[in-house]
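Analysis of the macromolecular model
The lines below spell out each chain.
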Amino acid sequence: MSAAIAERGSQKTEQPQPKEWGVTLSAADFSHIRKLAYDHFGLDLKQGKEAQVSARLSKRIRDAGLSGVKEYLARLDRDASGEALRELVDDLTTHYTSFLREREHFDWLRERVLADWPSPQQLRIWSAGCSTGEEPYSILFTVMDAEPSTKRLELFATDVSRPVLESSASGVYEEERLKGLPPGWGPRYFQKGHGRWAGFCRVKADLRSRIRFDRVNLMEPMGGLPSFHVIFCRNVMIYFDRATQERLVSQFVSRLEPGGYLFIGHSEGLMAINHSLEFLKAAIYRKPGRPSRR
Ligand SMILES: C[S@@+](CC[C@H](N)C(=O)[O-])C[C@H]1O[C@@H](n2cnc3c(N)ncnc32)[C@H](O)[C@@H]1O
């Protein structure tokens with residue numbers, strides 16, 4: 001047993017589980033999970049993923065000290081606070097991300113977007129499904145590289161998962177993850193950790209405070225959000241079926257300013273759905289209309 005698990009509570013160390021402990025979902029259990037995941041988070045769990053889902057939920061069931069799948073499902077069904085459902089979405093999605101992932105998007109941001117909305121115009125950008133924060137920080141650093149003392153950027157970063165949002169807001173990363181960043185970004189944007197934080201870097205406090213982190217489930221109404229000049233929603237729609245993607249893209253369109261950009265993941269595409277966006281190049285779309293000069 002790892003030290004981390006042993007430290008979490010004496011109960012778990014007192015009741016050692018067999019090495020291969022795991023649950024197997026019946027077809028009915030899988031349908032139950034599938035429906036919850038779809039209704040609450042838009043996740044489209046494909047048939048054939050039973051083993052993968054069983055493996056992911058086993059850890060949750062074991063760590064919560066539940067007797068098995070039935071007790072777990074009952075807990076989800078009477079989940080008044082929504083906490084168990086929030087854990088479910090964490091268990092069923094991956095949070096893989098990296099700094100400057102799909103780098104061409106950041107080139108486009110620097111070369112095209114900043115030209116469409118020249119300083120001092122406000123520039124509102126939303127990183128939807130920001131995971132552990134590498135995406136919104138990459139956006140911030142790209143804009144700051146071009147405009148070092150910029151005050152005009154308003155940056156929103158949201159995710160459905162609280163643990164990843166907390167990690168984003170803390171801005172702490174293993175030094176390894178900074179490899180390959182442009183020269184100068186390390187000292188300019190990060191503090192190096194010392195002592196017990198050796199091997200880690202932290203985004204400087206004044207930069208962390210430039211980003212508004214919030215929990216947003218993309219399946220829920222977005223009434224509280226402003227309009228944006230750019231929306232990044234990359235490697236998130238991959239979890240959704242066509243109908244959900246279409247609904248979401250239509251919401252993004254209504255949140256975009258005329259001439260605003262939508263960036264999606266390179267492995268995603270809007271070919272199969274109806275939308276009113278103009279295709280510019282792989283994974284970059286634009287809302288028709290001229291950017292307003294405000
Ligand atoms: C693979 S990460 C993508 C991170 C980043 N955008 C990138 O491309 O590197 C997918 C993120 O989507 C989030 N997500 C999944 N379903 C969501 C939903 N219904 N609403 C909001 N975020 C969701 C997950 O929590 C996860 O952090």
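Below you will find a few notes about this structure. (Residues numbered from 1 in each chain as written. Predicted model: local features only at pLDDT ≥ 70, side-chain atom pairs only at ≥ 80, totals over all residues. Heavy atoms only, no water.)

1. As for the sheet that holds strand 4 (residues 190-192)
Either a parallel or an antiparallel arrangement is found when strands of a sheet pair, and the pairing is made through backbone hydrogen bonds. Across the sheet, three strands lie side by side as 3-5-4; this open sheet has antiparallel pairing. Lying at the two open borders of the sheet, with one neighbouring strand each, are strand 3 (172-174) and strand 4. Each neighbouring strand pair of the sheet contributes to a mean axis angle of 35 degrees, computed without reference to strand direction. Bridging between strand 4 and strand 5 (residues 200-203) involves three bridges; their strand directions are antiparallel. Bridge assignment links Gln191 to a residue of strand 5, and that residue is Arg202. (Pairing = 2+ DSSP bridges. Helix = DSSP H or I, 4+ residues; strand = E, 2+ residues; numbered from the N terminus. Axes fitted to C-alpha atoms, helices over the stretch in contact; angles between N-to-C directions.)

2. Focus: the packing of aromatic side chains
For the structure on display, the rule yields 19 aromatic pairs. Measuring from centroid to centroid gives 5.9 Å for Phe99 and Phe190, while their planes differ by 90 degrees, and the two rings are edge-to-face. Here the residue Phe99 occupies a position in the loop between helix 6 (83-92) and helix 7 (104-116), and Phe190 occupies one in strand 4, the gap between them amounting to 91 residues. Judged by centre distance (5.7 Å) and plane angle (80 degrees), the rings of Trp185 and Tyr189 are edge-to-face. (Phe/Tyr/Trp six-rings, centres within 6.5 Å; stacked < 30°, edge-to-face > 60°.)

3. Looking at the sheet that holds strand 6 (residues 211-215)
As summarised here, the arrangement of the seven strands in space is 6-2-1-7-8-10-9, forming an open sheet in which the pairing is mixed. The open sheet has two edge strands, strand 6 and strand 9 (278-281), and neither has a second partner. Each strand axis lies, on average, 20 degrees off the axis of its neighbour in the sheet, ignoring direction. Sheet analysis places strand 2 (residues 153-159) next to strand 6, joined by five bridges and oriented parallel. Residue pairing in the sheet places Phe156 in a bridge with Arg212 of strand 6.

4. Topic: the environment of Thr94
Mapped onto the elements, Thr94 comes out in the loop between helix 6 and helix 7. The partly exposed category is assigned to Thr94, whose relative accessible area is 44%. For Thr94 and Asn235, which are 141 residues apart along the polypeptide, the C-alpha to C-alpha distance reads 9.8 Å. In contact with Thr94, other than residues within four places in its own chain, are Arg56 and Tyr239. (Buried < 20%, exposed > 50% of the residue type's maximum accessible area, 1.4 Å probe, protein only. Contact = heavy atoms within 4.5 Å.)

5. Observations regarding the site of the ligand
In the vicinity of the ligand, 21 residues are found, and the nearest of them are Thr97, Arg101, Gly129, Asp159 and Asn235. In this structure, an oxygen atom belonging to the ligand sits 2.9 Å away from a side-chain N or O atom of His95. Residue Glu135 places a side-chain N or O atom 3.0 Å away from a nitrogen atom belonging to the ligand. Against a free-state accessible area of 610 Å², the protein chains account for coverage of 99% of the ligand. Residues belonging to the shell around the ligand are distributed by class as follows: eight nonpolar, nine polar and four charged. (Near = heavy atom within 4 Å. Polar contact = N/O pair within 3.5 Å; in protein donor to acceptor, adjacent residues only side chain to side chain. Areas by Shrake-Rupley, 256 points an atom, 1.4 Å probe, with all protein chains shown as cover. Nonpolar A, V, L, I, M, F, W, Y, C, P; charged D, E, K, R; others polar.)

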